[in-house]
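Residue-level structure breakdown
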Amino acid sequence: MAGVLLWVVCPKENATTTQLLSLIPGSGKQQRPSSSRLCSRVKFSTKVSAFSSAVANPARSSEEKVYEVVLKQAALVKQQRRVRALDFTSTVGNDGMNNWDLLNEAYERCGEVCAEYAKTFYLGTLLMTPERRRAVWAIYVWCRRTDELVDGPNASHITPRALDRWEKRLDDLFEGRPYDMLDAALSDTVAKYPVDIQPFRDMIEGMRLDLYKSRYMNFDELYLYCYYVAGTVGLMSVPVMGIAPKSKATTESVYNAALALGIANQLTNILRDVGEDARRGRVYLPQDELARAGLSDEDIFRGEVTDKWRSFMKDQIQRARKFFDEAESGVAQLSAASRWPVWASLMLYRQILDAIETNDYDNFTKRAYVGKAKKFVSLPVAYGKALMGFYNR
């Protein structure tokens, strides 16, 4: 973590920078034209405005704003634009390693990080094709490094300016100018797959929110935050995981489902961590809904499980489950080799909601988790679902 902070706060040249730069083509990637469950009730112009402009428009809901990003990414996948492949014919460096060796080492390091911090997901990725597996590792590592900036042990040292530098690094790696080995893995990935930069930028925007915002007035605000920090992951990953060739689902509907899974996961994180967040002075629950339930921040800080709290939590859990239900149809449409890790993630995260109920809605002093026995039972069930194929929805 300290190393990541050094790269962001005080970037400097390192011994392998020249070799890393030679790994990625310098042609750059164009900003390309990027659905939420709104597709059945909201119609947009085919000329989608930039997401940042949409966010600035207060007349539109967060779901409408995010829908524009989904449309943009879906359009990109349909167009299947690619930049040229990497050139591995470069000369060998002074350390005896050529570009191919360096890039393989970068991907292997990403795999090690994924195996260490996301064991179940890593196991599922081993069923993917080698190229897709490595690309998913690279995306995971970038997301983890980004999250660690504001949630890691040295988060107190991170400033908005540091996040600006991190975003500049993101721009560079999308243009084929990686700063370090892990950047090089992602730079190679976005050169091979139709991945748009906007979800990555939006995740950084979510980190910015964590620096200064600790309350969300309504679910519309919370939805946008959940998209920033988790829904973006689905939009980053679907181009790599791929959609089943025989799927009759629209590309937009698959991206809608991927977005829904990210939202569901983050809502589950929020409900699981109410007590932990309260001890840091944070309340990630809609203020207007708390008020309607006869609750306030003070009730959360006191940490008492009352009938009002139980009733409030039941409604919050029900909403999260609806997002999980929406996500299922999209998981079924993914390419066969990519379904298992996503099914496993969905099933295990949804069981955290069950654990909150089992704890009698005490998410102040008890941390809801899925035990090893339930995990072992869930994995073969998830594998069975992955083998069932897709639904014609």
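Per an unreviewed UniProt entry, the chain carries the name 15-cis-phytoene synthase and comes from Bixa orellana. According to UniProt, the comment filed for the chain under the heading Pathway (unreviewed entry) is "Carotenoid biosynthesis; phytoene biosynthesis; all-trans-phytoene from geranylgeranyl diphosphate: step 1/1." What UniProt records for the chain under Sequence similarities (unreviewed entry) is the sentence "Belongs to the phytoene/squalene synthase family."

**Examining the overall build of the chain**
Along its length, the chain carries 18 helices and zero strands. Relative to its full complement of 393 residues, the chain shows a buried share of 55%. Accessible surface, the chain as shown: approximately 17,700 Å² in total, 53% of it carbon and sulfur.

**A closer look at the confidence of the model for the chain**
The pLDDT averaged across the chain works out to 82; a share of 79% of its residues lies at or above 70. Predicted confidence in the chain is weakest over helix 1 (residues 2–9), with a mean pLDDT of 35, and strongest over helix 14 (residues 287–292), with 98. Low confidence marks residues 1–58, where pLDDT is under 50. Its contacts with residues over four positions away, or in another chain, come to 147 contacts. Every residue in residues 81–97 scores below 50 in pLDDT, and together they form 33 contacts with partners more than four places removed in sequence or on other chains.

**Some remarks on the packing of aromatic side chains**
All told, the structure shown has 14 aromatic pairs when counted by the stated rule. Considering the side-chain rings of W309 and F312, the 5.6 Å spacing of their centres and the 35 degrees angle between planes classify their relative orientation as tilted. In this pair, W309 and F312 are both assigned in helix 16 (residues 307–331), three residues apart and thus about one turn of the helix distant. Taken individually, W309 and F312 each receive the classification buried, so the pair is uniform in this respect. Judged by centre distance (5.2 Å) and plane angle (70 degrees), the rings of W340 and Y383 are edge-to-face. Here the residue W340 occupies a position in helix 17 (residues 336–358), and Y383 occupies one in helix 18 (residues 372–387), the gap between them amounting to 43 residues. Members of the aromatic cluster, joined through ring pairs, are W142, W166, F174 and F200. Its end group placed over the ring of Y117, R144 keeps NZ or CZ at 3.6 Å from the ring centre.

**Some points on the pattern of salt bridges**
This structure, assessed with the given rule, holds 32 salt bridges. A salt bridge links E221 to K213; its shortest N-O distance comes to 3.3 Å. Note that D277 and R280 form a salt bridge whose closest N and O atoms lie 3.1 Å from each other. When its relative accessible area of 44% is taken as the criterion, R280 is described as partly exposed.

**Quick word on helix 9 (residues 181–192)**
Spanning twelve residues, helix 9 covers 17 Å between terminal C-alpha atoms, matching the ideal 16 Å at 1.5 Å per step. A large share of helix 9 lies buried, amounting to ten of its twelve residues. Considered for burial, the residues of helix 9 that qualify are L182, D183, A184, A185, L186, S187, D188, T189, V190 and A191. With a side-chain oxygen positioned 3.2 Å from the backbone nitrogen of L182, the residue opening helix 9 is D180.

**Considerations on the side chain of Q351**
Along the chain, the position of Q351 falls in helix 17. Not counting chain neighbours up to four residues away, the residues in contact with Q351 comprise V370, K374 and S378.

**Quick look at a nonpolar patch on the surface**
A surface patch of nonpolar side chains, amounting to about 300 Å² of accessible area, comprises L127, Y383 and L387. The exposure class assigned to Y383 is partly exposed, which follows from its relative accessible area of 36%.

**Regarding the state of the cysteines**
Tallying each qualifying case throughout the model produces zero disulfides. Left unpaired, C110 is separated from the closest cysteine sulfur, that of C114, by 9.1 Å. The class of C110 is buried, set by a relative accessible area of 0%.

**Comments concerning unusual backbone geometry**
Phi at D360 takes a positive value of approximately 60 degrees, unusual for a residue other than glycine. Relative to the helices and strands, D360 is located in the loop between helix 17 and helix 18. The class for D360 is partly exposed, based on a relative accessible area of 37%.

**Focus on the side chain of D196**
Considering the arrangement of structural elements, one finds D196 in the loop between helix 9 and helix 10 (198–212). Given the relative accessible area of 2%, D196 is considered buried. Only 3.1 Å separates the side chain of D196 from the backbone nitrogen of Q198, close enough to count as a polar contact.

Reading guide: rules and limits
- Residues numbered from 1 in each chain as written.
- Predicted model: local features only at pLDDT ≥ 70, side-chain atom pairs only at ≥ 80, totals over all residues.
- Heavy atoms only, no water.
- UniProt positions renumbered as here; feature names shortened; annotations may be inferred.
- Helix = DSSP H or I, 4+ residues; strand = E, 2+ residues; numbered from the N terminus.
- Buried < 20%, exposed > 50% of the residue type's maximum accessible area, 1.4 Å probe, protein only.
- Areas by Shrake-Rupley, 256 points an atom, 1.4 Å probe, with all protein chains shown as cover.
- pLDDT = per-residue confidence, 0-100.
- Contact = heavy atoms within 4.5 Å.
- Phe/Tyr/Trp six-rings, centres within 6.5 Å; stacked < 30°, edge-to-face > 60°.
- Lys NZ or Arg CZ within 6 Å of the ring centre and 35° of its normal.
- Salt bridge = Lys/Arg side-chain N within 4 Å of Asp/Glu carboxyl O.
- Expected span 1.5 Å × (residues − 1).
- Polar contact = N/O pair within 3.5 Å; in protein donor to acceptor, adjacent residues only side chain to side chain.
- Patch = residues over 30% accessible without salt bridge, like charges linked within 9 Å, V, L, I, M, F, W, Y side chains within 5 Å.
- Disulfide = S-S within 2.5 Å.

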